[in-house]
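Coordinate inspection notes
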Amino acid sequence: MSRLVIVSNRTPSTGPAAGGLAVALRKTLAERDGFWFGWSGKLSEQPPREARFEEVDGLTVGKIDLTRQDHHAYYAGFSNSILWPAFHLRLDLTTFDGQWYEGYRRVNTRFAEALRPHLKPDDVIWVHDYHLIPLAAELRRLGARNRIGFYLHIPFPVADTLFAIPHHLELMRDLSHYDLVGMQAQRDIVAFNEFADHQAPLSLSGDPLKAVDFSKTIVEAFPIGSDPDAFARLAVSPAANKMVRRMQRAMDEQRLILGVDRLDYSKGLPQRVEAYEKLLANNPQLRRGVHLLQIAPPSRDTIKEYQHHSDQLDAMCGHVMGRFAEPDWQPLTYVKRAYGQPSLAGLYRMARIGLVTPLRDGMNLVAHEYVGSQNPEDPGVLVLSRFAGAAEIFEDALQVNPFDTDETAEAMRMGLSMPLEERRARWEGLMRAARTHSVDNWAARFLDRLGAMAGRARQRNAS
Ligand code: ADQ
């Protein structure tokens, strides 16, 4: 079997992997020869050009350091102040600084130069996410003819939004250097085809822009998932039970509505709190009988838009508390902290409603984890945004438009009064889908597809 080289922005560190994705990729790598490659997490004035290799929990990991300026331009700048908001259709939240793009390309070039000497011709390379779109083009420039696959974890933007991203044409040309491009959902493939079939032919100087040739690149949907059976076990583990007992003491007889997200404007948290406010305002009989727990650890908090969003959410939670709290009942708890998977699994299991209402999301793994953690005898209800990639596979969820907070409030009300029989039937459908789309199946499908490809060198020789 060919060696596998996984490339991502950050390399895994020692200790238990935080997310299901990291666990799955580690497992995939442990089953075959190869290594993981990426940024070490270290910034230095004059980083060495060569990568250093270490063993991390039995995996071989190649790392490079970056300068502070390059990292800022590449990560907080071009990746997270342009690509992330624009790909989530939030052009209003993009900030543009011409130097960021240069930094983004420079870091991709550095990745390629440090990785290239360690590649063997038959290695299969799997590159992850929007930080590294130019990597295949940079590797090809250095002569690599390997099979190279790319997986986009976030949504692909609709064509009009893509056209508004500075340097989008170079980025799309970069994408055409991959043999296989995987995306989360069919809607992403539709958006990609819209771009590929009708490329904007205008440039400032009036010269026609060259179209991008995608004839050597396969672009397909490979929806990611979690490990639902592992969550089912975790949700009844001693650590989960400890969390459940703590919560039950605090909650009395109230039913739990739960949100778990990174604190990110794409997750629709202000709309969610507004919908909850409407639920309480329109259904006085529910007050004292429900409780919203929103867990949202800060992320990317050096970026201004994230700080602003965090302040906005603080204010909204305070507003709902002031409006509805009583000396002996609080309508919500807002926790800005990360929890271990066992604690999360316990909370998922006790939540009558899993509230997953992003404004736009590549997939959303919290939805998968919530489904996996349910008690089959008495499962909760998943309230899910239509604009999460997960909506394509979770047809049995109560699907809502998260911008329509009346609809989300109504879905919560329906979930709270849903008869056991219907909850079970819906959950069985959800659990089937979560198993079909497990993270292990995702990795195997992507790598089977990439492994079966001929690679650029052989294709070229054949033509
Ligand atoms: P994210 O935007 O990070 O991922 P998501 O898919 O929900 O979103 O994954 C979040 C992960 O972080 C989950 O595994 C969750 O358990 C964990 N997490 C969230 N809040 C936590 C907390 N308070 N404590 C501990 N853990 C917490 C990006 C894309 C998604 C896509 C994934 C994977 O934006 O659309 O599904 O990658 O491809």
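Residues numbered from 1 in each chain as written. Predicted model: local features only at pLDDT ≥ 70, side-chain atom pairs only at ≥ 80, totals over all residues.

Going by an unreviewed UniProt entry, the chain carries the name Trehalose-6-phosphate synthase and comes from Arsenicitalea aurantiaca.

Remarks on the pairing of strand E6 (residues 147–151)
Our working definition: Each residue is classed by its C-beta neighbour count within 10 Å, where at least 20 other C-beta atoms makes it buried, 12 or fewer makes it exposed, and intermediate counts make it partly exposed; the C-beta atoms are placed from backbone geometry. Starting at the N terminus, helices and strands are each numbered in turn, a helix being any DSSP run of H or I of at least four residues and a strand any DSSP run of E of at least two. Two strands are said to pair when DSSP picks up at least two bridges between them. Place the viewer so that the strands point away; then a crossover is right-handed whenever the path from the first strand over the helix to the second strand goes clockwise.
Of all five residues in E6, five are buried; the element is thus mostly enclosed. Sheet topology note: the strand E5 (residues 124–128)/E6 ladder contains five bridges and is parallel. Note on E6: the bridge partner recorded for Ile-125 is Ile-148. You can see the chain leave E5, run along helix H4 (residues 135–141) and come back into E6, and the turn it takes is right-handed.

Observations concerning the site of the ligand
Basically, it comes down to this: We count a residue as near a molecule or strand when its backbone-placed C-beta atom lies within 6 Å of that partner. Only Asp, Glu, Lys and Arg are considered charged in this grouping, and only Ala, Val, Leu, Ile, Met, Phe, Trp, Tyr, Cys and Pro are considered nonpolar; every other residue, Gly among them, is considered polar.
The full set close to the ligand counts 21 residues, and His-153, Ala-338, Gly-362, Met-363 and Leu-365 are the nearest of them. For the shell around the ligand, the secondary structure elements donating two or more residues are helix H1 (20–31) and helix H13 (365–373). With three residues, H13 is the largest single contributor of residues to the shell around the ligand. Each residue belonging to the shell around the ligand can be placed in one class, and the counts come to 12 nonpolar, five polar and four charged.

Comments concerning the sheet that holds strand E10 (residues 290–295)
What counts is decided by this rule: An axis is simply a line fitted to the C-alpha atoms; with a helix, the fit covers only the stretch in contact. Between two such axes, the angle follows the N-to-C directions and lies from 0 to 180 degrees. Each residue is represented by a C-beta atom placed from its backbone, and any two residues with such atoms within 7 Å are regarded as in contact.
Pairing is parallel across the open sheet formed by six strands, whose spatial order is E11-E10-E9-E12-E13-E14. The open sheet has two free edges, formed respectively by strand E11 (332–335) and strand E14 (398–400), since each of these has just one partner strand. On average, adjacent strands in this sheet sit at an angle of 20° to one another, irrespective of strand direction. Pairing analysis gives three bridges linking strand E9 (residues 255–260) to strand E12 (residues 351–356), with the strands arranged parallel. Across the sheet, the residue bridging to Leu-258 is Gly-354, located in E12. Packing against the sheet, helix H14 (residues 405–417) makes contact with E9, E10, E12, strand E13 (381–385) and E14, and its axis sits at approximately 170° to E14.

Let's talk about the packing of H13 against helix H15 (residues 420–436)
Spelled out, the test is: In these notes the angle categories are as follows: under 35 degrees is roughly parallel, over 145 is roughly antiparallel, 65 to 115 is roughly perpendicular, and the rest is oblique. In this scheme the crossing of two helices becomes right-handed for a clockwise turn of the near helix relative to the far one and left-handed for an anticlockwise turn of less than a right angle.
As a packed pair, H13 and H15 sit with axes 9 Å apart at the nearest point and diverge in direction by 120°. One way to sum up the angle between H13 and H15 is to call them oblique. The way H13 lies across H15 gives a crossing that is left-handed. Along the contact surface, H13 presents His-368, Val-371 and Gly-372, while H15 presents Leu-430, Met-431 and Ala-434. By residue class, the composition of the contact of H13 with H15 is four nonpolar, two polar and no charged.

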